[in-house]
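Residue strings, one per chain:
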Amino acid sequence: MRYWASARAAAGVEADLLPASGPLTLTEVLREALALHPGTRLGDVLAICSVLVGDRPVTAEDPGAVLVPPGSTVEFLPPFAGG
């Protein structure tokens, strides 16, 4: 799991490794991310993040139906300001 911008600030780390022997749902990945960082505002930040599983954006899909194969990268991208 890689955290960008305010997600990184909330987690206090750039990334977490989540060992998995088989596919997980995105819901399970989110639950694990929050469990690794209790007492932070990470949950609030992840709620507004765009998510990439590998190179694939996860848009309006049900996170419980999105499978994350072992070895995949899940990236949490908060809204960015830019010009």
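Above this text you will find the structure in question.
As the structure is a computational prediction, the values presented were derived from the model and not from experiment.

Looking now at the side chain of Thr25. Relative to the assigned elements, Thr25 resides in strand 2 (residues 24-25). Residue classification places Thr25 among the buried positions, given a relative accessible area of 16%. Beyond its immediate sequence surroundings of up to four residues, Thr25 is in contact with Pro63, Gly64, Val66, Leu67 and Val68.

This part is about the pairing of strand 6 (residues 74-77). With two bridges joining them, strand 1 (residues 2-3) and strand 6 adopt parallel strand pairing. Bridge assignment links Arg2 to a residue of strand 6, and that residue is Glu75. As defined by bridge partners, strand 3 (residues 50-53) adjoins strand 6 across four bridges and the pair is classed as antiparallel. Across the sheet, the residue bridging to Leu52 is Glu75, located in strand 6.

A few words on the packing of aromatic side chains. What describes a pair of aromatic rings is the distance from one ring centre to the other and the angle between the planes of the rings. Counting across every chain of the model gives one aromatic pair. Ring geometry for Tyr3 against Phe76: centres 5.8 Å apart, planes inclined by 15°, an arrangement best described as stacked. Here the residue Tyr3 occupies a position in strand 1, and Phe76 occupies one in strand 6, the gap between them amounting to 73 residues. On the basis of relative accessible area, Phe76 is assigned to the buried category, the value being 0%.

Moving on: the pairing of strand 3. Burial along strand 3 is one-sided: Val51 and Val53 are buried, while Ser50 and Leu52, pointing the other way, are not. Direction of pairing for strand 3 relative to strand 4 (residues 56-58): antiparallel, over a ladder of three bridges. Paired with Leu52 across the two strands is Pro57, which belongs to strand 4. The antiparallel pairing of strand 3 with strand 4 creates a hairpin that spans two residues between the two strands, and Gly54 there sits at a positive phi of about 65°.

Calculation criteria
- Residues numbered from 1 in each chain as written.
- Predicted model: local features only at pLDDT ≥ 70, side-chain atom pairs only at ≥ 80, totals over all residues.
- Heavy atoms only, no water.
- Helix = DSSP H or I, 4+ residues; strand = E, 2+ residues; numbered from the N terminus.
- Buried < 20%, exposed > 50% of the residue type's maximum accessible area, 1.4 Å probe, protein only.
- Contact = heavy atoms within 4.5 Å.
- Pairing = 2+ DSSP bridges.
- Phe/Tyr/Trp six-rings, centres within 6.5 Å; stacked < 30°, edge-to-face > 60°.

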